[in-house]
Amino acid sequence: MKYALLALICAVVFLVCFLVDKLIGLLFPKSKTEKSGNVVRLPRRNAVAGVLLVFVPLVVLLFFIPEGGDTLMTVGCVTAIVLGVILLVNYLSFAIYYDDEGFVYKDLRRKKTSYHYSQIRGQRSVMTRSGVNSILFVGKDELNVYSTMQDLNAFLNKAFYKWCEIKQIDPASVENNPAMFTWFPDPDHKMKKASSL
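Analysis parameters
- Residues numbered from 1 in each chain as written.
- Predicted model: local features only at pLDDT ≥ 70, side-chain atom pairs only at ≥ 80, totals over all residues.
- Heavy atoms only, no water.
- Pairing = 2+ DSSP bridges.
- Helix = DSSP H or I, 4+ residues; strand = E, 2+ residues; numbered from the N terminus.
- Salt bridge = Lys/Arg side-chain N within 4 Å of Asp/Glu carboxyl O.
- Buried < 20%, exposed > 50% of the residue type's maximum accessible area, 1.4 Å probe, protein only.
- Axes fitted to C-alpha atoms, helices over the stretch in contact; angles between N-to-C directions.
- Contact = heavy atoms within 4.5 Å.
- Patch = residues over 30% accessible without salt bridge, like charges linked within 9 Å, V, L, I, M, F, W, Y side chains within 5 Å.
- Areas by Shrake-Rupley, 256 points an atom, 1.4 Å probe, with all protein chains shown as cover.

(A) Just the pairing of strand β4 (residues 112-116), in detail. Note that strand β3 (residues 102-106) and β4 share five bridges and pair antiparallel. When the sheet's bridge partners are listed, Tyr-105 is paired in β4 with Thr-113. Linking β3 to β4, which pair antiparallel, is a turn of five residues; within it Arg-110 sits at a positive phi near 70°.

(B) The arrangement of the pattern of salt bridges in detail. On inspection of all chains with the given rule, the structure shows two salt bridges. The shortest N-O distance in the salt bridge between Lys-158 and Asp-100 comes to 2.6 Å. You can see Lys-158 sitting in helix α5 (residues 152-167) and its partner Asp-100 sitting in the loop between β2 (95-98) and β3, a full 58 residues away along the chain. Measuring nitrogen to oxygen at the nearest pair gives 3.0 Å for the salt bridge that ties Arg-124 to Asp-186. Here Arg-124 is found in strand β5 (residues 120-128), whereas its partner Asp-186 is found in the loop between α5 and α6 (187-196), with 62 residues between them in sequence. Take Arg-124: its relative accessible area is 28%, and that puts it in the partly exposed class. Residue classification places Asp-186 among the partly exposed residues on the basis of a relative accessible area of 24%.

(C) Representation of the sheet that holds strand β6 (residues 131-138). Pairing within the open sheet is antiparallel, and its three strands lie in the order β5-β6-β7. In this open sheet, the two strands that pair with only one neighbour each are β5 and β7 (141-146). Strand after strand, the sheet turns through a mean of 20° between neighbouring axes, direction not considered. Bridge count for β6 against β7 is six bridges, and the pairing is antiparallel. What sits directly across from Leu-136, in β7, is Leu-143. Strands β5, β6 and β7 of the sheet are contacted by α5, whose axis makes an angle of about 150° with β5.

(D) Region of interest: a nonpolar patch on the surface. Residues Leu-5, Leu-8, Val-12, Val-16 and Val-20 make up a contiguous nonpolar surface patch of about 410 Å² in total accessible area. Its location among the elements puts Val-16 in helix α1 (residues 2-27).

Written out as structure tokens, the structure is:
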């Protein structure tokens, strides 16, 4: 009986998720860039950890709590579920959608901003213990990207070659380091060169 109830709960959760996804798709239609299929997302481990932190404590609460209840276990499970939901919301909130024309940056507040590759001014990267952290200077904005993100190098590659094409720059003449996720020149470096002339 417990296993049938567990299977029923899983089926209901997946059905609700499917219906919510369809409803969101109808209420907030995607742009052409978002439909292109090219997307940069946060590391997949965030989503996996979020699902595990929601599902496992839920099973523990439903099937393994003693008859009299266990306050410490209940508090621990609820805390884990909250952390899992935070990880999932964080994972689903951030994305960079890109195509041949430009890209859409969706931040953690779910604010979408569209950019054209010609607006890129430069990039600055820093090596940390967790990988390479970069700031992509676009227009007046600074976009933070991390080497642990899914498909980041493919996005930077396309952005670099489109930027070179638009600015009529030979890609070989630009000093960059794709292995370190650094494709664009530092914007301050250009300013220093100009002021020294």
